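Residues per chain are reported as follows:
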Amino acid sequence: MTVVITSAAVLCPIAEDLDGFRTALFEGRSAVEDADGARLAFDLGDWASRHLDEVTARRLKQVAHRAALPAQTAACVALKAARGLGERAGLIVAGGQPLGHQADTVLRHRDKPGALRASYALTHLDVDVVGVVSELTGIRGEGWALGGGSASGTLAVVQAARMITAGWLDQVLVVAPVAELSAAEFEAFRRTGAMVSPGQTCRPFDVERSGFVYGQAAAAVLLERESVARTPLAEIAGHGHCLDARRGTEPDSEGQVRAMRAALGSLDPAEVDYVNAHGTGSVLGDETEARSISRVFGSGDEPGTRPASGTSDSRPLVNSTKPLVGHCLSAAGLVELVATVVQLGANTVHPNVTLGTPIDGIRLAGRTAEPHPIRTALSNSFAFGGINASVLVRAA
Amino acid sequence: MTEQEIFAVLRRHLLDVLPDLDEGRIRLDRSMKDLGANSIDRMDVVIGVQDELGVTVPAAAMKDVHDLRSLVVALQAHS
């Protein structure tokens, strides 16, 4: 059974809809200004008045105006991506924990316990996103919030594809809210060494990379069984998901290779034209992922794989969207899947704007957008806790 | 604090919780339920008003509240 992506939406600092996202990607417009991250300036009412008719805008505000930032941003992208939903539609929310809202509420509660609102019983939950989105879209099938750290967005797509393939549902709306952090999580990420220090930026696969930069973005995609789909953007051609059986922050090339190979299935790796890497810009993470990619697709050093001059390199072009939108953590996989589908649809790769001196072993996209035929593309997400996920998409 | 002053605070909190509410419908003889507030909304309004006014109405006294007027009376009695 074939599962296709039929609509997609993104809300991030460089774009508020899919067309804007496409333009921003190919222009290489970056929301990463400093080590503080690519943060969204967002007001629900303002967004609604720019993007919705009056009736829908009013409904959005009624349902979501007192929800936390993750639920509000999820509601926006869900309304953009939801179309033609039937009785057999489901919902998977990737991430959704409102960590900033939780921390603010706890600190206020310590100082002023009488002021705690009863509605915090709802707003502190990741599944408040499920409630908000399902009310706005009318989805009545299955629905839940999925936690997979920085792989959440990709894992949600994997699960959605499986549910449709298994015949449980015809349509699944996958929504990744903004991954909200409090000051404590933000600083802890810095202290692990995974996130950049002030004065540095996100430079995936560059020899001078020093860490990731936090990004706030929400995304949604609608997955449908091909027989009910009207306007496919791309096909989900495969997926892989596996664990390293090891707690911690360090990546493991073995697991990454297994996830990518599982996504490829029986496909010849030479058929893959493009890899949207996890590519956070972290020192160890990028080195490990580059090694994994070259194990799966060849490093170009093997006999017969390095192209003679004038012939084309059969290895996929590898790119990271994170210099443009930051590392959107639990939303990263879905934001980047949308970026992958956009590039596939345009047969063009977006620039890697901060690439100076590339590391060896993989074929990287350059500093300007370039035409590149993309029929098949892979999108990777790797999370703390040894979670590896990879999704293969093909032109519909 | 006068009933009018308390009602003004209550009105503001109601509009905060129910932004779509037509202000003209907020009258003393209406209940919050009439105005479209669900149970969590009603709790949030009462908590917000008590917090702003610095009063605490005991749960027992809340049992007699059936409209905005009786809520204002209860809030005034404990301020």
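Computed from a predicted model, the values in this text were never measured in an experiment.

Overview of the sheet that holds strand S6 (residues 234-243) of chain A
Strand pairing in a sheet relies on backbone hydrogen bonds, with the paired strands running either antiparallel or parallel.
All names here are of chain A.
Logical step 1: In spatial order, the strands read S3-S2-S4-S5-S1-S6-S12-S11-S7-S8; together these 10 strands make up an open sheet with mixed pairing. Two strands bound the open sheet, and with one partner strand each, they are strand S3 (143-146) and strand S8 (317-319). Taken over all neighbouring pairs, the strand axes of this sheet differ in orientation by 25° on average, direction set aside.
Logical step 2: Note: strand S2 (residues 89-94) against strand S4 (residues 171-176), five bridges, orientation parallel. Paired with Val93 across the strands is Val175, a residue of S4.

Some remarks on the interface of chain A and chain B
Logical step 1: Taken together, the contact between chain A and chain B spans 10 residues of the former and eight residues of the latter.
Logical step 2: When residues of the side of chain A that touches chain B are assigned to their parent elements, the largest contribution, three residues, is made by helix H3 (residues 54-64) of chain A.
Logical step 3: Among the residues making up the side of chain A that touches chain B, the classes are represented as three nonpolar, four polar and three charged.

Structural notes on the nonpolar core
Logical step 1: Counting residues in each nonpolar core, the largest one holds 131 residues, and the members touching the most others are Val174, Ala219, Ala331 and Val335 of chain A.
Logical step 2: Lining this core are residues from two domains, each supplying at least three of them: domain 1 (3-234) and domain 2 (237-395) of chain A.
Logical step 3: Those residues within four positions of Val174 of chain A in sequence are excluded, and the remaining contacts are Ile92, Ala94, Ala156, Val157, Ala160, Ala220, Val221, Leu223 and Leu334 of chain A.
Logical step 4: Membership of the second largest hydrophobic core comes to 15 residues, among which are Leu18, Val45, Val72 and Leu75 of chain B.

Focus: the confidence of the model for chain B
Logical step 1: Confidence in the prediction of chain B, expressed as mean pLDDT, is 95, and 100% of residues score 70 or more.
Logical step 2: In the predicted assembly, ipTM is 0.90 and pTM is 0.95.

Some points on the packing of H3 of chain A against helix H7 (residues 128-137) of chain A
Residues and elements named next belong to chain A.
Logical step 1: Where H3 meets H7, the closest approach of the two axes is 10 Å, and the angle between their N-to-C directions is 155°. One element, H3, and the other, H7, form an angle in the roughly antiparallel class. Taken as a pair, H3 and H7 cross one another with a handedness that is right-handed. Of H7, the residues touching H3 (which contributes Arg59, Leu60, Val63 and Ala64) are Val132, Glu135 and Leu136.
Logical step 2: Across the contact of H3 with H7, the residue classes break down as five nonpolar, no polar and two charged.

Section: the pairing of strand S12 (residues 387-395) of chain A
All names here are of chain A.
Logical step 1: Counting buried residues in S12 gives eight out of nine residues, a clear majority hidden from the surface.
Logical step 2: For S6 and S12, the ladder comprises nine bridges, and the chain directions are antiparallel. Looking at S12, one finds that Gly238 is bridged to Leu392.
Logical step 3: Between strand S11 (residues 376-383) and S12, which pair antiparallel in sequence order, lie three residues; one of them, Gly385, sits at a positive phi of approximately 90°.

Brief notes about the environment of Pro232 of chain A
Residue and element names in this part refer to chain A.
Logical step 1: By secondary structure assignment, the location of Pro232 is in the loop between strand S5 (218-225) and S6.
Logical step 2: Residue Pro232 is classed as partly exposed on the basis of its C-beta count, with 16 C-beta atoms lying within 10 Å.
Logical step 3: Sequence-wise, Pro232 and Leu181 are 51 residues apart; in three dimensions their C-alpha atoms are separated by 34 Å.
Logical step 4: Among all residues touching Pro232, those that are not within four sequence positions of it are Val4, Ile5, Thr6 and Ala396.

Structural notes on the domain arrangement of chain A
Residues and elements named next belong to chain A.
Logical step 1: For chain A, the domain assignment lists domain 1 (3-234) and domain 2 (237-395).
Logical step 2: For domain 1 versus domain 2, the separation of C-alpha centres amounts to 22 Å.
Logical step 3: Contact with domain 1, which involves 59 residues of that partner, is made by 59 residues of domain 2.
Logical step 4: For the side of domain 1 that touches domain 2, the secondary-structure elements that each account for two or more residues are strand S1 (3-11), helix H1 (18-27), helix H8 (152-165), S4 and S5.
Logical step 5: If one sorts the elements of the side of domain 1 that touches domain 2 by residue count, H8 sits on top with eight residues.

Topic: unusual backbone geometry
Residues and elements named next belong to chain A.
Logical step 1: Its identity is not glycine, yet Ala245 carries a phi of approximately 55°, on the positive side.
Logical step 2: Structurally, Ala245 can be placed in the loop between S6 and helix H10 (253-264).
Logical step 3: The exposure class assigned to Ala245 is exposed, which follows from the 8 C-beta atoms found within 10 Å.
Logical step 4: A positive phi is found at Asn347, a non-glycine position, where the angle reads about 45°.
Logical step 5: Turning to its location among the elements, Asn347 is positioned in the loop between helix H13 (332-346) and strand S9 (348-349).
Logical step 6: Taking the C-beta count within 10 Å as the criterion, Asn347 has 14 such neighbours and is therefore assigned partly exposed.

Rules used in this analysis
- Residues numbered from 1 in each chain as written.
- Chains lettered and ligands numbered in written order.
- Predicted model: local features only at pLDDT ≥ 70, side-chain atom pairs only at ≥ 80, totals over all residues.
- Pairing = 2+ DSSP bridges.
- Helix = DSSP H or I, 4+ residues; strand = E, 2+ residues; numbered from the N terminus.
- Axes fitted to C-alpha atoms, helices over the stretch in contact; angles between N-to-C directions.
- Contact = placed C-beta atoms within 7 Å.
- Nonpolar A, V, L, I, M, F, W, Y, C, P; charged D, E, K, R; others polar.
- Core = buried A, V, L, I, M, F, W, Y, C linked by C-beta atoms within 7 Å.
- Buried ≥ 20, exposed ≤ 12 C-beta atoms within 10 Å, placed from the backbone.
- Domains from an automatic or database assignment.
- pLDDT = per-residue confidence, 0-100.
- Parallel < 35°, antiparallel > 145°, perpendicular 65-115°, else oblique.
- Left-handed = near helix turned anticlockwise from the far one by under 90°.

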